[in-house]
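The residues making up each chain are set out below.
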Amino acid sequence: MERVRLDKYLWSVRLYKTRSEAAEACKNGRVLVNGVAAKSSKEVNVGEHIELRKGPVHYQYIVAQPLEHRVGAALVEQYITNITPQSELEKLNAPVETIFLKRDRGTGRPTKKERREIDRLMEEGF
């Protein structure tokens with residue numbers, strides 16, 4: 001087998017949980033094949049460069065061998081080569097810079113005093 005649909009391939013090599021998620025990503029322009037936005041019906045060949053955008057990270061892969069059926073996680077390396085730069089992978093470990101105060105689960109809503117403290121911290125810029 002030399003060619004297979006892009007959405008089916010992305011699902012087969014476990015880049016997306018479902019084939020419909022892979023098709024949706026293609027439809028929304030989050031999947032590039034050889035630098036060009038690709039439809040889910042595009043057929044992929046050996047050696048093609050696939051770029052995915054998932055959140056802040058741009059993953060890059062090279063098709064090693066097309067396949068139509070989903071394979072186990074241990075076998076994925078035979079069918080796709082991950083060439084994502086380390087700088088992109090480090091974005092996964094970057095601290096999330098949001099103003100959010102962690103509250104213990106089950107403590108309920110803040111009291112009036114706690115709410116004033118939260119408002120004061122928000123005004124100061126944390």
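Residues numbered from 1 in each chain as written. Predicted model: local features only at pLDDT ≥ 70, side-chain atom pairs only at ≥ 80, totals over all residues. Heavy atoms only, no water.

J.: Mind showing me how you'd approach the side chain of Glu88 here?
T.: Positionally, Glu88 belongs in helix α3 (residues 86-89). Overall, Glu88 belongs to the buried group, its relative accessible area being 14%. Only 2.9 Å separates the side chain of Glu88 from the backbone nitrogen of His58, close enough to count as a polar contact. Leaving out residues up to four positions away in the same chain, Glu88 has contacts with Pro56, Val57 and His58. (Helix = DSSP H or I, 4+ residues; strand = E, 2+ residues; numbered from the N terminus. Buried < 20%, exposed > 50% of the residue type's maximum accessible area, 1.4 Å probe, protein only. Polar contact = N/O pair within 3.5 Å; in protein donor to acceptor, adjacent residues only side chain to side chain. Contact = heavy atoms within 4.5 Å.)

J.: Any chance you could explain the nonpolar core here in plain terms?
T.: Nonpolar side chains in soluble globular proteins tend to be buried together. Formed by 25 residues in total, the largest nonpolar core has its most connected members in Leu6, Tyr9, Leu10, Val31, Ile50 and Leu52. If you list the elements that add at least two residues to this core, you get α1 (6-12), α2 (19-27), β2 (31-33), β5 (49-54) and β6 (57-63). Among the elements that take part in this core, β6 stands out by supplying four residues, more than any other. Discounting residues that sit within four places of it in the chain, Ile50 has contacts with Leu6, Tyr9, Leu10, Val31, Leu32, Val33, Val44, Tyr59, Gln60, Tyr61 and Val63. (Core = buried A, V, L, I, M, F, W, Y, C linked by side-chain atoms within 4.5 Å.)

J.: I would appreciate a short explanation of the sheet that holds β5 in the present structure.
T.: One key point about sheets: their strands pair by backbone hydrogen bonds, in either a parallel or an antiparallel sense. The five strands lie next to each other as β3-β2-β5-β6-β7, forming an open sheet whose pairing is antiparallel. The open sheet has two edge strands with one neighbour each: β3 (36-37) and β7 (80-82). Where β2 meets β5, three bridges bridge the pair, whose relative direction is antiparallel. Each bridged residue has a counterpart across the sheet, and for Leu32 the counterpart in β5 is Glu51. (Pairing = 2+ DSSP bridges.)

J.: So what exactly am I meant to see when it comes to the pattern of salt bridges here?
T.: Two side chains bearing opposite charge may form a pair once their charged atoms approach each other closely. Taken as a whole and assessed by the stated rule, the structure comprises seven salt bridges. The partner of Arg5 in a salt bridge is Asp7, and the shortest N-O contact between them spans 3.1 Å. A relative accessible area of 3% means that Asp7 is categorised as buried. For the salt bridge of Glu88 with Lys91, the shortest nitrogen-to-oxygen distance reads 3.1 Å. Since its relative accessible area comes to 36%, Lys91 is described here as partly exposed. One network of salt bridges, with partners in common, ties together Arg5, Asp7 and Arg19. (Salt bridge = Lys/Arg side-chain N within 4 Å of Asp/Glu carboxyl O.)

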